[in-house]
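Observations on chain architecture
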Amino acid sequence: MAYNSNPFLERMSERTTSDMEFVRLFSPKILEKLADDAFEGAVHVFRSAPGAGKTTLLRAFTPSALRAFWNSRARPELAESFQRLVNRGVLTEGNSPQLLGVFLSCASGYADLPSSEGLEQEGLFRALLDCRIVLRTLRSLGALLGLGAPDQLAAIKLNYATVPSLQGIPVLDTALELATWAEEHERRVYAQLDAFLGPPSGGLPAHLHFEGVLWLQSIQFQYEGRAVAPQRLLMVDDMHKLRRKQRAMLIDDLTVMRPSIPIWLAERTVALGAELLSQGAREGRDLREYNLDKMWSDAKGLSQFVSYAQNIVDRRMKNQNVVPVGSFTQCLRDELVSSEVRAQLAEGIQRFRNEVERYQSSQRYLQWLARAEQYTNEPNVESLVELYVTRILLVRDESKRQMSLDLILTEEELEDRDSSQVRAAAELFMHEELGIPYYFGFDRLCVMATNNVEELLALSAALYVGLQAKQVLRKAELILSAQEQEKLLRDAAGRKREFIPKSHTEGTRAQRLLDSIGAFCHDQTFAPNAPYAPGVTGVRLSRTELAKLTIPSKLLGLAGQTLARVLAECAAENLLVQRESQATGSRDSGTVFYLNRSLCVHYGLPLQMGGWRDVSVGELMKWMERRLTPNRKNLEVV
Amino acid sequence: MLWDYYVFRRGNAVHDLWDDLMKDRLVDLLYIAGRGFDVRAQTVMREFVTGQRGSGRKTASAKLLMLGFEGYELDDNIVKLTEENAVALEALFSPLGSAETITIAVPDGEDEASPSDALRQRVKAVLDEVDGKTDIILDVSSLPRATYLALLTNILYKLVPTKDVASDKPHPLYANGVNFHVLVAEDAHLDGQIRAEDPSNDLVMIPGFVTAWQAESLQDRPLVWFPVLGENRVNQLQKIIDSALIPMEAEVCPVVPHPSKDPRRADNLLVEYRGPLFDSRKTPTSNILYAHESHPFEAYRQLLGAMQRYENSMSIMGGCRLVMTPLGSKLITLGAGLACFEMRPSDWNARYGVTIPHAEPRRYFASVESLRKSTPEISLLLLTGQAYGEPV
């Protein structure tokens with residue numbers, strides 16, 4: 001008996017998952033973000049943190065997935081995907097798919113090839129990649145043509161008219177013969193590597209160039225008397241799994257080759273190592289780089305991500321039958337119901353009255369306090385927000401006021417000083433002091449996902465467990481209240497933080513550093529005057545400070561190198577989000593490291609990006625080794 | 001089944017076996033141990049050396065090979081304990097022979113050797129010392145899991161090049177009379193207290209079991225996964241899953257220790273691994289395999305039988321890949337290693353393959369006091385040699 005799995009935890013991007021399942025769950029909105037020139041002959045590098053959708057994007061262009069899209073073109077729920085692929089010129093209404101997408105992964109052991117001197121190792125790497133390109137191309141071709149058995153590849157003839165002279169790839173007549181050669185070639189290499197009892201017998205191949213690419217872009221395939229698969233796309237995933245030298249060599253050799261077919265290389269940003277901390281990207285006509293994380297972070301990115309996210313979670317929800325609801329988003333209440341937080345509202349009002357007691361004697365605040373008094377008579381969430389806004393503005397005014405005329409502040413002045421940031425800070429203060437839910441609703445769920453699909457699914461999975469529980473308990477309404485959502489999401493965020501040392505190479509140090517940044521941001525955020533409303537969620541290293549880490553020098557020693565490594569890994573794994581900050585009249589440019597939004601939930605911080613504070617490399621080094629704890633008592637006005 | 005009859009001893013019976021096996025003959029000994037922080041290795045070595053120096057035993061030559069490990073994050077007191085342990089091991093062995101430490105060269109331009117490459121180098125260095133020995137002792141107490149599995153399977157591969165049993169030839173496990181002893185000092189309570197964190201992003205591949213995991217030509221074959229579960233290792237299992245090479249359609253057969261001293265141990269493990277194995281994948285509970293907690297040959301039989309059945313069933317589909325992930329206790333892991341060794345195809349063109357990927361943790365937390373206070377029980381597996389028959 002199979003265990004009922006959580007539909008949000010199943011990973012659908014792996015290539016041997018059912019193609020129908022894959023196309024059903026594939027959200028076509030990612031195709032909108034694909035650059036217009038992504039199908040031109042050049043090397044295109046896609047980078048992101050894990051879980052941003054690189055492998056899913058690549059898999060969508062494999063022959064079996066394209067055939068599944070094409071076969072499902074009449075189905076309403078898949079029509080959008082089909083249409084977007086037609087718009088990209090990848091599919092047509094009339095003919096079956098013509099694009100031959102060849103998908104390879106670098107997780108297949110290139111980094112484990114025995115280390116030996118220069119050319120020998122490089123040659124073996126190229127030879128192995130070449131025979132895999134050939135093998136995967138021929139198998140993909142079989143899938144593209146809808147051939148069932150591998151033996152049917154014998155019906156495909158190979159035409160070498162335009163293929164340059166290649167040393168490592170033999171000239172054979174049929175696809176079956178060449179596929180058999182490639183299989184045996186690879187197995188022989190591995191048999192020798194696996195045996196390793198004595199020195200290699202000298203039979204290990206070595207190629208001087210990446211002949212597989214030269215072969216792929218020029219070979220012609222003939223099937224039943226006609227040319228097939230005229231369009232080609234080579235996709236190489238998991239480039240971060242290569243050794244540094246292998247990766248550099250692959251990108252450089254391919255770029256220099258100026259391929260006539262598009263070559264997509266996908267890697268996690270961790271592959272850049274400490275380079276990730278440097279500003280600027282290397283790009284040119286033949287090498288184009290795309291960061292999937294940053295695709296969603298521009299001006300309209302967030303609303304596009306919400307739409308994309310909704311598409312994904314709703315598709316997943318339809319893929320299960322345990323919880324009988326159609327749309328996942330409908331299960332999440334977006335508003336706070338005042339009746340559910342009655343006690344907290346009463347406490348909040350009383351707290352406000354106690355805290356503004358000291359302003360009663362001042363003429364200056366007469367009108368503000370009178371206005372606030374009206375709200376104290378209406379115990380609802382909106383009124384409490386007004387009270388907290390008033391409180392923040394009172395503290396701000398008090399701290400800035402100089403010894404001058406004690407003019408009465410009017411209600412209009414209060415409204416002028418009010419802003420969405422102050423309101424957001426007020427909501428957060430209400431959450432911190434009274435326990436009024438803050439982390440709920442689908443929009444905030446998307447923000448918490450930090451533009452990452454895997455994180456979105458992990459958080460949705462936690463909420464799904466809540467829905468499952470309601471279903472089991474036969475609750476009338478299968479909707480999660482704000483409190484329920486917040487509890488589930490905070491638990492998920494806590495688990496994410498706990499899991500950091502268990503799942504990252506520098507996890508223990510990373511956790512300490514993140515905890516310290518969280519504590520620092522918390523202290524800055526909850527100063528009574530909310531100076532950086534809605535709050536601080538990141539720290540910035542100025543250009544000068546960053547240079548201490550990125551420019552090789554012995555100044556900081558081992559600790560500095562470790563910090564660079566930890567920061568790079570945190571940025572690569574989406575635990576910290578990097579943003580550049582421009583220079584102004586009063587400060588240098590620099591890089592802001594914002595906390596992952598889920599971690600903001602754990603540390604009780606706001607979800608908006610924006611607030612940050614400058615820190616030094618020395619402080620970060622200290623925090624990395626010794627966790628900073630939040631100073632929750634007697635926070636002072638900043 | 002190669003180890004239809006086997007030799008397995010515990011506690012004092014280990015000494016009785018050594019007395020019978022080693023008396024009145026010249027011993028050319030290779031002793032392999034890890035240069036680590038686990039002081040249980042001293043207990044094991046002390047007991048062996050004391051016995052070997054006793055009457056009736058003659059040592060022609062003896063060499064201690066200590067395998068050094070770099071790149072681990074350890075507290076200062078653990079680092080100090082590692083140094084003390086190494087000195088103590090060398091001192092303990094000195095009456096018998098010399099010691100040598102093996103370290104790994106890092107390729108130019110890289111910060112460190114790839115874990116698989118480093119492991120390959122270590123194994124090769126050990127295999128280069130095997131020729132001419134009458135007795136090879138592998139102490140797994142102080143070695144990381146991937147290392148002792150690699151040594152176990154590759155030393156066996158060298159000693160037992162063919163696995164076919166023929167009535168007119170010595171049993172393959174006779175191995176020209178070379179006795180291969182595997183020693184384990186197990187203290188379950190202490191093992192549960194040693195925490196392993198920060199799993200490496202690079203999976204380690206056991207040499208000799210790489211093809212089935214990495215060969216492109218086998219990627220389309222169905223995969224059967226045997227994760228052998230152990231406490232506090234969910235993160236390592238998650239790394240295997242995150243490598244995206246265990247497809248959703250893979251047949252998953254979790255292996256849990258049962259019978260066990262703690263009758264609830266298997267249940268607790270299934271709860272601990274619920275997320276990655278059951279919530280994320282549709283793993284049928286009927287696939288769960290039960291292997292004896294402290295009897296490696298029982299674990300070997302269970303796992304070997306399951307692997308053979310799957311290989312047989314899937315041969316009509318063109319073959320399969322059998323993947324074992326060793327996260328359990330040492331004795332079960334050894335049993336699983338023996339099963340993988342026996343299943344490993346001898347023909348490179350075979351339609352199936354066996355592979356053992358592992359995510360090695362880079363940070364260990366252990367209490368020095370607990371380590372020093374440990375009183376482990378020694379177990380011995382005699383895998384080849386005179387006990388498996390005289391020449392025909």
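Throughout, residues of each chain are indexed from 1 in the direction in which the sequence is written. A letter from A marks each chain and a number from 1 marks each ligand, given out in the order of writing. The predicted origin of the model limits local features to residues at a pLDDT of at least 70 and limits the giving and counting of side-chain atom pairs to 80 or more, whereas totals for whole chains, interfaces and linings rest on all residues. To obtain the side-chain values, all non-hydrogen atoms of the structure were used and water was disregarded.

What follows deals with the domain arrangement of chain B. Residue and element names in this part refer to chain B. For chain B, the assigned domains read domain 1 (7-187 + 368-388) and domain 2 (201-359). Delimitation of the domains relies on an automatic or database domain assignment. If you average the C-alpha positions of domain 1 and of domain 2, the two centres end up 25 Å apart. In this assembly, domain 1 packs against domain 2 so that about 2600 Å² is buried in total across both faces, 70% of it on carbon and sulfur atoms. Buried area counts how much accessible surface, traced with a 1.4 Å probe, disappears from two parts once they are put together, with both parts' losses summed. When residues of domain 1 are sorted by the area they lose upon contact with domain 2, Arg 145, Leu 149 and Lys 163 head the list and together hold 24% of the total. Salt bridges, as used here, are contacts in which a Lys or Arg side-chain nitrogen is within 4 Å of a carboxyl oxygen on Asp or Glu. Our count for the domain 1 to domain 2 interface comes out at zero salt bridges. Definition of a polar contact: a pair of N or O atoms within 3.5 Å, with one able to donate and the other able to accept a hydrogen when the atoms are protein atoms, and with sequence-neighbouring residues admitted only if both atoms are side-chain atoms. Where domain 1 packs against domain 2, one counts nine residue pairs in polar contact (both at pLDDT 80 or more). Secondary structure elements with two or more residues in the side of domain 1 that touches domain 2: strand 1 (7-10), helix 4 (115-127), helix 5 (145-159), strand 6 (179-186) and strand 17 (377-384). Tallied by class, residues from the side of domain 1 that touches domain 2 come to 18 nonpolar, five polar and six charged. A helix here means a DSSP run of H or I that spans at least four residues, while a strand means a run of E at least two residues long, and both kinds are numbered starting from the N terminus. Each residue gets one of three labels, nonpolar for Ala, Val, Leu, Ile, Met, Phe, Trp, Tyr, Cys and Pro, charged for Asp, Glu, Lys and Arg, and polar for the others, Gly among them.

With that settled, consider the confidence of the model for chain B. Confidence in the prediction for chain B averages 86 pLDDT; 94% of positions are at 70 or higher. Two summary scores accompany this predicted model of the complex, namely pTM at 0.80 and ipTM at 0.78. Per-residue confidence from the predictor is reported as pLDDT, a score between 0 and 100.

All names here are of chain A. Any two of the Phe, Tyr and Trp rings considered here, Trp counted by its six-membered ring, make a pair once their centres fall within 6.5 Å; the pair's planes then place it as stacked at under 30 degrees, edge-to-face at over 60, or tilted in between. Applying the stated rule across the entire model yields 27 aromatic pairs over all chains. Their ring planes at 70° and their centres at 5.5 Å tell us that Phe 26 and Phe 69 sit as a pair that is edge-to-face. Placement of the pair is Phe 26 in the loop between helix 1 (19-25) and strand 1 (42-48) and Phe 69 in helix 3 (residues 63-71), with a sequence separation of 43 residues. Overall, Phe 26 belongs to the buried group, its relative accessible area being 2%. Geometrically, a lysine NZ or arginine CZ counts as sitting over a ring once it is within 6 Å of the ring centre and also within 35 degrees of the ring normal. Sitting above the plane of the Tyr 438 ring, Arg 444 keeps its charged end 4.3 Å from the centroid. Accessibility here uses a 1.4 Å probe with only protein chains present; expressed as a share of the type maximum, an area under 20% marks a residue as buried, one over 50% as exposed, and anything in between as partly exposed.

Let's shift gears to the state of the cysteines. The rule for a disulfide is simple: a pair of cysteine sulfur atoms within 2.5 Å. This model, assessed by the stated rule, comprises zero disulfides over all chains. Looking at Cys131(A), it has no disulfide partner, and the nearest cysteine sulfur is the one in Cys106(A), 13 Å off. Exposure remark for Cys131(A): the relative accessible area of 2% places this residue in the buried category. Its sulfur unpaired, Cys340(B) is 12 Å from the next cysteine sulfur, which belongs to Cys320(B). Using a relative accessible area of 0% as the deciding quantity, one classes Cys340(B) as buried.

Residues and elements named next belong to chain A. With respect to the secondary-structure elements, Ser 581 resides in strand 10 (residues 576-581). Here the side chain of Ser 581 touches Arg 540 through a polar contact of 2.8 Å, side chain to side chain. Note on contacts: a residue pair qualifies if any of its non-hydrogen atoms lie within 4.5 Å across the two residues. Once you skip the residues sitting within four places of it in the chain, Ser 581 turns out to touch Arg 540, Ser 589, Gly 590 and Val 592.

We now examine the pairing of strand 13 (residues 321-326) of chain B. All names here are of chain B. Within strand 13, six of the six residues are buried, leaving the element largely enclosed by the surrounding structure. Residue alternation in strand 13 divides its side chains into two sets, Arg 321, Val 323 and Thr 325 and Leu 322, Met 324 and Pro 326, and both sets are buried. Strands are labelled as partners when DSSP assigns at least two bridges between them. Looking at chain direction, strand 9 (residues 223-228) and strand 13 are connected through six bridges and run parallel. Residue pairing across strands places Val 228 opposite Pro 326, the latter belonging to strand 13. Where strand 13 lies against strand 14 (residues 353-355), three bridges are found, and the strand directions are parallel. Counted as the bridge partner of Arg 321 is Gly 353 from strand 14.

Here we come to the sheet that holds strand 8 (residues 287-291) of chain A. Residue and element names in this part refer to chain A. A sheet is described by the order of its strands in space; here five strands give the open sequence 2-6-7-1-8, paired in parallel fashion. Because the sheet does not close on itself, it has two edges, and the strands there are strand 2 (99-105) and strand 8. Each neighbouring strand pair of the sheet contributes to a mean axis angle of 20°, computed without reference to strand direction. Pairing geometry for strand 1 and strand 8, over five bridges, is parallel. Bridge pairing in strand 8 places His 44 opposite Arg 288. For every element, the axis is a line fit to its C-alpha atoms; helices are fit only across the contacting stretch, and the angle between N-to-C directions ranges from 0 to 180 degrees.

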